[in-house]
Amino acid sequence: MTIPIRKVHNSLAARLGIGIIPFVVVVFVVSLGLLFKWSREMLRQEAVERADRMLANTSLRVGGFLNEVQTVTDNMMWQIDENLTPDSLLAYTQRVVQLNPGVSSCSITMEPDFFSQDGRYFSAFSYRKGDSVITVREKPYDYYNKVWYKKAYEADEPVWTDPYDDNDGGSSSKSEWISSYSVPIKDNQGTTIGIMATDLSLKRLSMAISEEVPYEHSYCMMLGQEGHYFVHTDTTKLVRKTIFDDLDPREHPDIIALGHEMVARNSGFMEVNFDGDDCLVFYKPLAHTPWSIALICSESDMFSRYNKLLYILVPLLVIGLFLLMYFLRAIVNSFINPLNRLASQTHHIADGHFDVPLPNSRRVDVIGRLQNSFSAMQKSLAKHISHLERVNAETEHRNTELANANQQAEEAAQRQVAFLQNILHQIRTPLNIIMGFVQVLRDDYTVIPHEEMVTITETMKHNATSISRMVHMLTAASSLDVGKVVDCEDHVSCNGIVCEAVNIYNQRVSKPDVNLQVKTEVPDDLFVNVHKDYFLKAFNELLYNAKKYSVVPGHEDEALIVLRVQKVDGFVHFIVEDNGPGVPAAHRSQIFNQFIKANSFSEGLGLGLFVSKQFTKMMGGDLMLDESYTSGARFIIALPV
């Protein structure tokens, strides 16, 4: 026993092996452990981002369905106001259901005795049955106390109802859970004379929400404002139960906290245990509704591939560890043996002759070359290290540039996708309206009254103008030469060109629905050099935005746009003010960028302010937002005198 111990003690290779191998093993194991932990965190973060993106896509998809119902209802309201007859109301409900596949049914219900010649009750109702649309006048029943009528009547504004069973006593009722978008119909005095309700099938909404999930056992749910289940895999819970039912606060505080977060219309994610399964729940509110949706992902699903990989890697790592120890020992021996031979030549230094320098060796073997190469090797290493540091710095700089370029490319791709989706959304709705009216004109041309024909053609013209405006805006944006300054050869009166812009605006709108005031503080003989076409396009874009955001349905007479002309420090300020909601503080720094909109569902492509600002800069001026103005929005075109 003593001989092996002494052999190990006297062997530098054995001692180095005993010292190095455990250290390498510990570093190897700790590094792999940290790597696996970091990989799990990265996988979890990637899974969270993936699930969050899918929840956002689901929210946008559901919001699109809801917005489609709202849009078709709102577009039909002005026609109802102009033609209130029983036959026309029946035709309107049929048209809504027939032209919009997302609509389950539609009803227009008038107040008692509104059509006294037709009896006390009148309700026009159209619903989808297979591939056909059935339109009837419902038999008399107490529909005034139904949720879809009563809620909108009491709120005196458009509302979404919580889902309810449509088998409610009407002559054409069918047993199906639906949600209604109900809008009050008002007369000229603002009195509610009826309700238009457009219905969305809860089954179709559930299919839209559950259409795409990130993992095999993931699922979505939707809660109402009191916590009722509107969408859930367990159909027995729908509408009748809330998320808080049958829960012990001491055993399920996480589920109760999730319910309160969703009812409060908050967004985020949290860890929740459902029936013994740890899950990550992502939740967010649905825009324009009191509802919230959630995506439930089981952690076992999220890490299933990771766990399977561990079962394969752990045995391989154990085998690799033993192989590493074996080859490490062999490498240590191969390096130590030449040093042992070198030690025999320097033994006299170990005896105490420290002041005797080690002479250069004349040997040509590996030991001699090793001994004679110490100083040269150090110099060479210093030189190469310096070179490597420069190379590493340059490589790091290039990697940073590549990362930035890659990030910019990804952001550009995302903006491109969002822009294409926005174009599709903005063009599809007016095209659907035009195609719908074209079909109506084709099928019923001879029986449509002249007044309705005028209304239809005006609607088609309005939507065609919207599409044309978007095309012109795209053309203008694509042909802009940013940074270029144009020759301002048009010498125009400041007051005159504002009046000309107002005339163009009045010609474009079908009826004056905004109180437009012009207040000038400069004389009529004050002239400015402009590119007239660019100025009129930029100024009319500001007028268009002011009208769009200041007009609120039902309060059109309160909308106000004020145009001001002022001279300030060698510049003429052309000011457009409105009394709308103004620009949110979070979007003020970006509103002049391309494809930026404060509301992704609003009309437009996000190019108007960008193009207007570029036109103004090309004329040597600037377009600014007055952030000190708090009664709406105020935009200023500043041009040098």
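Please refer to the structure higher up on the page.
Just so it is clear, the structure is predicted and the values come from calculations on it, not from any experiment.

I tried to follow the environment of Val562 on my own but got confused; where do I start?
If you trace the backbone, Val562 turns up in strand β16 (residues 560-568). Once the C-alpha coordinates of Val562 and Asn515 are considered, the two residues, 47 residues apart in sequence, prove to be 8.3 Å apart. Setting aside residues up to four positions removed in sequence, Val562 forms contacts with Gln517, Lys519, Ile575, Val576 and Glu577.

Can you help me understand the sheet that holds β16 in this one?
Adjacent strands of a sheet form backbone hydrogen bonds with each other and so pair up, either parallel or antiparallel. Taken together, five strands build an open sheet; the order of strands is β14-β16-β17-β19-β18 and the sheet is mixed. Unpaired on one side and paired on the other, β14 (515-520) and β18 (622-625) mark the two borders of the sheet. Averaged over neighbouring strand pairs, the angle between their axes works out to 15° when direction is ignored. One ladder, built from eight bridges, connects β16 with strand β17 (residues 571-578); its direction is antiparallel. In the strand pairing of β17, Val568 is matched with Phe571.

It is not clear to me how the side chain of Asp578 should be interpreted in this structure. Could you clarify?
In this fold, Asp578 is placed in strand β17. The charged side chain of Asp578 is buried without a salt bridge, its nearest counter-charge being Arg634 at 9.6 Å. From its side chain, Asp578 meets the backbone nitrogen of Gly580 in a polar contact 2.8 Å long. If sequence neighbours within four positions are ignored, Asp578 has contacts with Ala546, Ser550, Leu560, Ile561, Tyr629, Ser631, Gly632 and Ala633.

Would you mind going over the sheet that holds strand β11 (residues 277-285) with me for this structure?
With antiparallel pairing, five strands are arranged side by side in an open sheet as β9-β8-β12-β11-β10. Lying at the two open borders of the sheet, with one neighbouring strand each, are β9 (229-231) and β10 (268-274). For this sheet, the mean inter-axis angle between neighbouring strands, taken without regard to orientation, is 35°. Across the sheet, helix α5 (residues 202-209) touches β8 (219-223), β9 and β12 (292-298), and the angle it forms with β8 is around 135°. Here helix α6 (residues 253-263) sits on the sheet and contacts β8, β10, β11 and β12; the angle it forms with β10, its principal contact strand, is near 145°.

Got a minute to help me understand the pattern of salt bridges in this structure?
If the charged atoms of two oppositely charged side chains come close together, the side chains can form a pair. Summed over all chains, the structure comprises nine salt bridges. Salt-bridge contacts for Asp113 lead to Arg120; the nearest nitrogen and oxygen are separated by 3.2 Å.

Cut-offs applied
- Residues numbered from 1 in each chain as written.
- Predicted model: local features only at pLDDT ≥ 70, side-chain atom pairs only at ≥ 80, totals over all residues.
- Heavy atoms only, no water.
- Helix = DSSP H or I, 4+ residues; strand = E, 2+ residues; numbered from the N terminus.
- Contact = heavy atoms within 4.5 Å.
- Pairing = 2+ DSSP bridges.
- Axes fitted to C-alpha atoms, helices over the stretch in contact; angles between N-to-C directions.
- Buried < 20%, exposed > 50% of the residue type's maximum accessible area, 1.4 Å probe, protein only.
- Lys, Arg positive; Asp, Glu negative; His and termini not counted.
- Salt bridge = Lys/Arg side-chain N within 4 Å of Asp/Glu carboxyl O.
- Polar contact = N/O pair within 3.5 Å; in protein donor to acceptor, adjacent residues only side chain to side chain.

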